[in-house]
Amino acid sequence: MSRRKMFLKMVTASLLRRRSRMLIALLSIAIGATILSGLVTIYYDVPRQMGAQFRGYGANMILVPSGEEKMTVEKAQECLTVIPKDQLLGATPYRYVNVEMTSRQRTFVAAATDFEQVQSTSPYFAVEGRWPEGDREVLVGKETAETIGVKLNNVIELSYKPEDTYVKNTLNMTVVGILETGGDEEAYIFTTLKAMDALTGVSGQLDVMEMSVSAASEELENYAAEISENNSDMSARLVKRVTKSETTVLAKLQSLVFLVTAVVLLLTMICVSTTMMAVVSERRKEIGLRKALGASDQSIRAEFLGEGMFLGLLGGILGTALGFAFAQVVSVNVFGSSITFQPLLLPITVIVSMGIAALSCLLPIRRAVEIDPALVLKGE
Amino acid sequence: MSLLELKNISKIYGELKALDNVNIKVEKGEWVAIMGPSGSGKSTMMNIIGCMDKPSLGEVLLDGVDISKESSKKLTEIRRDKIGLIFQQFHMVNYLTAVENVMVSQYYHSMPDEEEALEALGRVGLRERAKHLPSQLSGGEQQRVCVARALINAPELILADEPTGNLDEANENIVLDLFRQLHREGTTLIVVTHDPEVAEAAQRTIVLEHGRVAREIINENFQE
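This is a predicted model, so every value here is computed, not measured.

All names here are of chain B. In terms of burial, strand β3 (residues 31-35) is largely enclosed, as 5 of its 5 residues are buried. Burial along β3 is two-sided: the face carrying Trp31, Ala33 and Met35 and the face carrying Val32 and Ile34 are both buried. Two elements, β3 and strand β8 (residues 188-192), share 4 bridges in a ladder whose sense is parallel. Its bridge partner being in β8, Val32 is matched across the sheet by Ile190. Note that β3 and strand β9 (residues 204-209) share 4 bridges and pair parallel. Paired with Ile34 across the two strands is Ile206, which belongs to β9.

Shown next, in the form of structure tokens:
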């Protein structure tokens with residue numbers, strides 16, 4: 001049998017045949033590793049989770065023409081290609097036109113858009129009734145609806161007079177939903193782009209494109225800069241109130257997670273160190289015997305460090321599994337979505353656990369090395 | 001040249017002289033018993049001979065080399081290479097089997113060899129108990145494992161501290177028979193004991209009193 005095999009045999013036998021005390025040390029490390037692996041999972045998943053939460057507060061990037069000229073739908077779509085498809089959660093075009101409601105003889109702002117996209121970029125839009133499905137259906141903002149006394153299923157006539165003609169274009173539209181947002185949108189009437197094209201006689205023009213992008217603030221800035229750089233007549237901007245608060249909340253959450261992890265690891269170290277100290281006291285005679293049999297200080301160090309690191313290995317593996325379960329429970333309960341296992345987490349947790357266990361063993365090892373081999377004589 | 005020679009050895013703790021100018025010689029292959037009442041300096045002498053302590057004054061020559069000024073690291077090496085220890089309370093690693101306990105001694109000395117360890121257990125009549133843990137062995141069996149452990153590295157000197165102190169008569173005889181066998185094979189034995197019967201089994205008995213050699217008795221009835 002080689003020396004290494006004998007070393008492993010002694011280390012594993014010490015842990016496996018002396019279960020009770022070592023179980024406490026193992027549990028300490030496993031709990032520490034669980035918190036570590038759980039919190040690191042959350043740490044890396046929080047941006048994604050929080051990003052998804054923040055996407056609920058609306059678009060985080062807008063695309064507008066940089067000059068007086070309006071932008072075209074084609075041009076706007078071309079700009080979007082800079083952003084990877086899996087990060088672009090939605091892109092909603094808007095065209096704003098002042099239209100007249102014939103029966104009330106009043107002018108309102110009509111916002112022409114793509115209702116399917118609106119639901120992904122502005123999920124907080126609350127509609128009483130339903131979303132429009134055809135070109136002759138409209139949403140009316142709550143404020144406008146109250147001002148002019150329009151109710152669901154009423155038919156309203158919208159008219160628009162192009163600048164170069166004397167004839168008004170009119171369209172009869174059915175109100176299928178009343179929109180409540182708590183913002184300026186409640187003063188608008190929403191139509192489809194196609195209806196607006198028909199009403200104005202001009203097609204393919206846009207005032208703004210609102211985008212919801214699942215990316216960190218820095219990445220968003222890069223996309224915006226790239227779009228603005230590639231298109232002199234377009235300008236991409238971040239919606240600061242959304243991106244800034246997202247960055248601030250994330251930074252605070254991550255600091256908190258980091259702090260809790262550090263405290264838990266410190267507590268784990270204290271617990272393991274105390275347990276190993278008790279183990280050394282308990283095994284004074286055995287250590288004395290080993291030294292009497294000729295064990296060098298180096299051998300005693302290696303054996304205790306080996307035991308500590310073996311505990312770290314077992315605790316790390318156990319902790320990774322439990323930590324993932326812990327992170328999953330937290331994620332499901334707090335963010336309402338599950339997380340995927342990061343394979344890199346296993347080696348990281350195991351290495352950190354082994355390192356923590358090794359550090360925790362330093363003081364107990366010092367005590368072990370100081371034990372006098374003569375204590376095994378005379379049955380002391 | 002003697003295997004072991006203590007020259008004017010004193011061990012002083014403050015005002016107390018645990019050993020006071022002791023001179024002893026042990027020849028290669030000799031079997032010596034050290035006797036004496038409690039406090040006579042037996043343990044101190046055992047620690048010094050076993051390379052676990054250093055004298056305050058005097059020289060300890062092992063194989064002609066003075067080891068009295070060596071560092072504790074060097075003393076550990078000498079103990080590992082030249083001395084086999086047997087204790088009153090057996091002292092086995094309680095989570096290792098009998099054969100693994102013997103192999104621990106090989107591990108610190110050179111290279112663990114299970115077959116050799118099993119042979120050593122065979123010599124003390126415990127080959128079939130090799131895979132038992134100490135808790136599954138009787139006191140006599142544990143002490144026999146310790147004898148196997150002490151002789152596994154073929155030491156020049158076997159130092160036994162009250163080896164039969166915790167054994168019944170039958171097991172005491174088994175251990176003494178093992179010592180006789182080792183003596184016949186040329187191993188040098190130093191046995192510290194309270195028991196006159198154990199001392200009588202040796203060739204020569206050194207009696208310590210108040211840290212000094214009070215007398216030496218040659219055993220005329222010594223049987224090989």
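Having seen it, we continue.
Looking now at the pairing of β8 of chain B. Residue and element names in this part refer to chain B. Of all 5 residues in β8, 5 are buried, a share of seventy percent or more. Side-chain alternation along β8 places Thr188, Ile190 and Val192 on one buried face and Leu189 and Val191 on a second face that is also buried. Examined bridge by bridge, strand β7 (residues 157-161) and β8 share 5 bridges and lie parallel to one another. Each bridged residue has a counterpart across the sheet, and for Leu157 the counterpart in β8 is Thr188. Tracing the backbone out of β7, into helix α6 (residues 169-184) and back to the parallel element β8 gives a crossover that is right-handed.

This next bit is on the domain arrangement of chain A. One can read the domain layout of chain A as domain 1 (3-53 + 247-377) and domain 2 (59-238). With centres defined by C-alpha atoms, the gap from domain 1 of chain A to domain 2 of chain A works out at 57 Å.

We now examine the layout of surface pockets. Considered as a void within the structure, the largest pocket measures approximately 330 Å³ in volume. Along the walls of the largest pocket sit 21 residues, with Lys291 and Asp297 of chain A together with Ser72, Lys73 and Thr76 of chain B positioned nearest its centre. At the level of elements, α10 (297-335) and α11 (345-370) of chain A together with α2 (72-82) of chain B are the ones that each hand at least two residues to the lining of the largest pocket. Grouping the amino acids of the lining of the largest pocket by side-chain chemistry returns 7 nonpolar, 4 polar and 10 charged. What the second largest pocket holds in volume is close to 290 Å³. Surrounding the second largest pocket, 16 residues form its lining, Ile62, Tyr124, Glu185, Glu210 and Arg241 of chain A being those nearest its centre. For the lining of the second largest pocket, the elements supplying multiple residues, two or more each, are β3 (88-101) and β11 (208-213) of chain A.

Turning next to the sheet that holds strand β6 (residues 83-86) of chain B. Each strand in a sheet pairs with its neighbour through backbone hydrogen bonds, running either in the same direction (parallel) or in the opposite one (antiparallel). Residue and element names in this part refer to chain B. Spatial ordering of the open sheet is given by β6-β7-β8-β3-β9-β10, a layout of 6 strands whose pairing is mixed. The strands lining the two open edges of the sheet, one partner per strand, are β6 and β10 (212-218). Here the average twist between neighbouring strands, direction ignored, is 20°. Lying over the sheet, helix α5 (residues 139-151) contacts β6 and β7, oriented at roughly 170° with respect to β6.

With that settled, the discussion passes to the side chain of Thr92 of chain A. All names here are of chain A. By secondary structure assignment, the location of Thr92 is in strand β3. What makes Thr92 buried here is its relative accessible area of 0%. A distance of 3.1 Å separates a polar atom in the side chain of Thr92 from the backbone oxygen of Gln117. Within polar-contact distance, the side chain of Thr92 engages the side chain of Thr121 at 2.6 Å. When sequence neighbours within four positions are dropped, the list of residues in contact with Thr92 reads Thr113, Asp114, Gln117, Val118, Thr121, Val208, Met209 and Glu210.

A few words on a nonpolar patch on the surface. All names here are of chain A. A surface patch of nonpolar side chains, amounting to about 490 Å² of accessible area, comprises Leu259, Val263, Leu266, Leu267 and Ile270. Note on placement: Leu259 falls in helix α8 (residues 240-282). Looking at Leu259, the relative accessible area reads 54%, which means it is exposed.

What follows is about helix α7 (residues 217-230) of chain A. Residues and elements named next belong to chain A. In a regular helix each residue adds 1.5 Å, so 14 residues correspond to 20 Å; α7 covers 20 Å between its end C-alpha atoms and thus fits that length. When we look at burial in α7, the residues that qualify are Leu220, Tyr223, Ala224 and Ile227. For α7, the angular spread of buried residues about the axis comes to 95°, placing them on one side. The outward face of α7, more than 90 degrees from its buried face, is lined by the exposed residues Glu218, Glu229 and Asn230.

Taken together, the contacts link 32 residues of chain A with 33 residues of chain B. Across the interface of chain A and chain B, roughly 2,900 Å² is buried in total on both sides, 62% from carbon and sulfur atoms. Our count for the chain A to chain B interface comes out at 1 salt bridge. Between Glu100 of chain B and Lys9 of chain A there is a salt bridge; the shortest N-O distance is 3.3 Å. Our enumeration of links across chain A and chain B arrives at 11 residue pairs in polar contact (both at pLDDT 80 or more). Where the side of chain A that touches chain B is concerned, the elements lending two or more residues are α1 (3-16), α9 (284-292) and α10 of chain A. For the side of chain A that touches chain B, the leading source of residues is α1 of chain A, giving 7 residues. Classifying every residue of the side of chain A that touches chain B by side-chain character gives 13 nonpolar, 6 polar and 13 charged.

Rules of the game
Residues numbered from 1 in each chain as written. Chains lettered and ligands numbered in written order. Predicted model: local features only at pLDDT ≥ 70, side-chain atom pairs only at ≥ 80, totals over all residues. Heavy atoms only, no water. Buried < 20%, exposed > 50% of the residue type's maximum accessible area, 1.4 Å probe, protein only. Helix = DSSP H or I, 4+ residues; strand = E, 2+ residues; numbered from the N terminus. Pairing = 2+ DSSP bridges. Right-handed = clockwise from strand over helix to strand, strands pointing away. Domains from an automatic or database assignment. 1 Å grid on protein atoms, 1.4 Å probe; cavity = no way out; pocket = protein on both sides within 12 Å on 5 of 7 lines; lining within 4 Å. Points joined across faces, edges and corners; volume = space filled by probe spheres on them. Nonpolar A, V, L, I, M, F, W, Y, C, P; charged D, E, K, R; others polar. Axes fitted to C-alpha atoms, helices over the stretch in contact; angles between N-to-C directions. Contact = heavy atoms within 4.5 Å. Polar contact = N/O pair within 3.5 Å; in protein donor to acceptor, adjacent residues only side chain to side chain. Patch = residues over 30% accessible without salt bridge, like charges linked within 9 Å, V, L, I, M, F, W, Y side chains within 5 Å. Areas by Shrake-Rupley, 256 points an atom, 1.4 Å probe, with all protein chains shown as cover. Salt bridge = Lys/Arg side-chain N within 4 Å of Asp/Glu carboxyl O. Expected span 1.5 Å × (residues − 1). Arc of directions from axis to C-beta. Buried area = accessible area lost by both parts, 1.4 Å probe.

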